[in-house]
Amino acid sequence: MNNQPRRGRRTGSPDTRAQILAVARRRFLAEGYHAVTLRSIAAEASVDLALVSYFFGSKKGLFGACLALAANPAELLAHTLEGDLATFPQRALRAMLTVWDDPETAAPLRAMLAGAAQDPALSALVKEVIEREMIDKIAARIGGPDAHRRAGHFCTQMAGLILTRCVLRLEPVASMPVDEIVRFSTPPLRYALREPARTTGRSAGPR
């Protein structure tokens, strides 16, 4: 029997998870979201890449864990994008409102926003994640002319609504039932995603 200590990468344990998170937090803040890969984090943490996926599922899942998010908006959005585009706006809105209306899941999100307002490095990181994991993903899903611009308008409207209702608590939006908000807010969200009307190239001019 070989009683020599086993060499190689670490196996999964709570300590391993904490080590991965420590490396990821430092790397994300220092290098940004896009530049950091799961493979490089695994290598620095001296663990198998499969363990990173086992603990966190994906890069956006790891980012959410770094910020201690009980619910990750980027992952929620990715899930809602899988369905019919015709009903995507209301699905996405309901998912976001569910998270932000729940005190347990909203508290880490508010803390993230407060931290981003005070820390330029965290602000830049959050901005990059929103751009790459939300706006870019929506743009890729809807396609067509100006897809990125339309996706940006959509996210801007969503962010404004969340800020109004869940952060500033402005009335009457703060106390509206979710169904009412979805009913009133879905049409402009759908309009933001709509492809621009095609033109014939001729100017009608004033009549």
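The preceding data block contains the structure.
What counts as what
- Residues numbered from 1 in each chain as written.
- Predicted model: local features only at pLDDT ≥ 70, side-chain atom pairs only at ≥ 80, totals over all residues.
- Heavy atoms only, no water.
- Helix = DSSP H or I, 4+ residues; strand = E, 2+ residues; numbered from the N terminus.
- Buried < 20%, exposed > 50% of the residue type's maximum accessible area, 1.4 Å probe, protein only.
- Areas by Shrake-Rupley, 256 points an atom, 1.4 Å probe, with all protein chains shown as cover.
- Axes fitted to C-alpha atoms, helices over the stretch in contact; angles between N-to-C directions.
- Parallel < 35°, antiparallel > 145°, perpendicular 65-115°, else oblique.
- Left-handed = near helix turned anticlockwise from the far one by under 90°.
- Contact = heavy atoms within 4.5 Å.
- Nonpolar A, V, L, I, M, F, W, Y, C, P; charged D, E, K, R; others polar.
- Polar contact = N/O pair within 3.5 Å; in protein donor to acceptor, adjacent residues only side chain to side chain.
- Patch = residues over 30% accessible without salt bridge, like charges linked within 9 Å, V, L, I, M, F, W, Y side chains within 5 Å.
- Salt bridge = Lys/Arg side-chain N within 4 Å of Asp/Glu carboxyl O.
- Core = buried A, V, L, I, M, F, W, Y, C linked by side-chain atoms within 4.5 Å.

### Some thoughts on the overall build of the protein
Line of reasoning, step 1. The number of helices and strands found in the protein is 10 helices and 0 strands.
Line of reasoning, step 2. When the helices and strands of the protein are placed in sequence order, the string is α-α-α-α-α-α-α-α-α-α.
Line of reasoning, step 3. Expressed as a percentage of its 207 residues, the buried residues of the protein come to 39%.
Line of reasoning, step 4. Taken as a whole, the protein presents about 12400 Å² of accessible surface, with 55% of it coming from carbon and sulfur.

### Brief notes about the packing of helix α6 (residues 88-101) against helix α9 (residues 147-167)
Line of reasoning, step 1. Running from N to C, α6 and α9 cross one another at 30°; their axes reach a closest spacing of 11 Å. Taken together, the axes of α6 and α9 lie roughly parallel to each other. Along this stretch, α6 crosses α9, giving a crossing that reads as right-handed. Residues F88, P89, A92, L93, M96, L97, W100 and D101 of α6 pack against F154, M158, L161, I162, R165, C166 and V167 of α9.
Line of reasoning, step 2. The residue inventory of the contact of α6 with α9, partitioned by class, reads 13 nonpolar, no polar and 2 charged.

### Some thoughts on the side chain of T80
Line of reasoning, step 1. Along the chain, T80 falls in helix α5 (residues 73-80).
Line of reasoning, step 2. With near-sequence residues (within four places) excluded, T80 lies in contact with F88, R91, A92 and A95.

### Notes on helix α4 (residues 59-66)
Line of reasoning, step 1. Summarising burial for α4: 8 of the 8 residues are buried, a large majority.
Line of reasoning, step 2. All buried positions along α4 are accounted for by K59, K60, G61, L62, F63, G64, A65 and C66.
Line of reasoning, step 3. Where α4 terminates, the next one or two residues include A68, which has phi positive at roughly 60°.

### Describing the environment of T87
Line of reasoning, step 1. Structurally, T87 can be placed in the loop between α5 and α6.
Line of reasoning, step 2. Using a relative accessible area of 31% as the deciding quantity, one classes T87 as partly exposed.
Line of reasoning, step 3. With 99 residues separating them in the primary sequence, T87 and T186 have C-alpha atoms 9.1 Å apart.
Line of reasoning, step 4. Within polar-contact distance, the side chain of T87 engages the side chain of R91 at 2.5 Å.

### Here's the deal with a nonpolar patch on the surface
Line of reasoning, step 1. Residues L113, L163, V167, L168 and L170 make up a contiguous nonpolar surface patch of about 400 Å² in total accessible area.
Line of reasoning, step 2. Within the fold, L168 resides in the loop between α9 and α10 (178-193).
Line of reasoning, step 3. Owing to a relative accessible area of 49%, L168 belongs among the partly exposed residues under this scheme.

### Observations regarding the nonpolar core
Line of reasoning, step 1. Residues F28, L62, I138 and F154 are the most contacted members of the largest nonpolar core, which totals 58 residues.
Line of reasoning, step 2. A per-element tally of this core places helix α8 (residues 120-142) first, with 9 residues.

### A look at the pattern of salt bridges
Line of reasoning, step 1. Counting across every chain of the model gives 9 salt bridges.
Line of reasoning, step 2. Of the charged contacts, one joins E133 and K60 as a salt bridge, the two residues approaching to 4.0 Å between their closest N and O atoms. Of this pair, E133 sits in helix α8 while K60 sits in helix α4, and the two are 73 residues apart along the sequence.
Line of reasoning, step 3. Here K137 ties to E133 by a salt bridge, and the two come within 2.8 Å at their closest N and O atoms. Of the two residues, K137 and E133 both sit in helix α8, 4 residues apart, roughly one turn of that helix.
Line of reasoning, step 4. K137 gets classed as partly exposed once you look at its relative accessible area, which sits at 36%.

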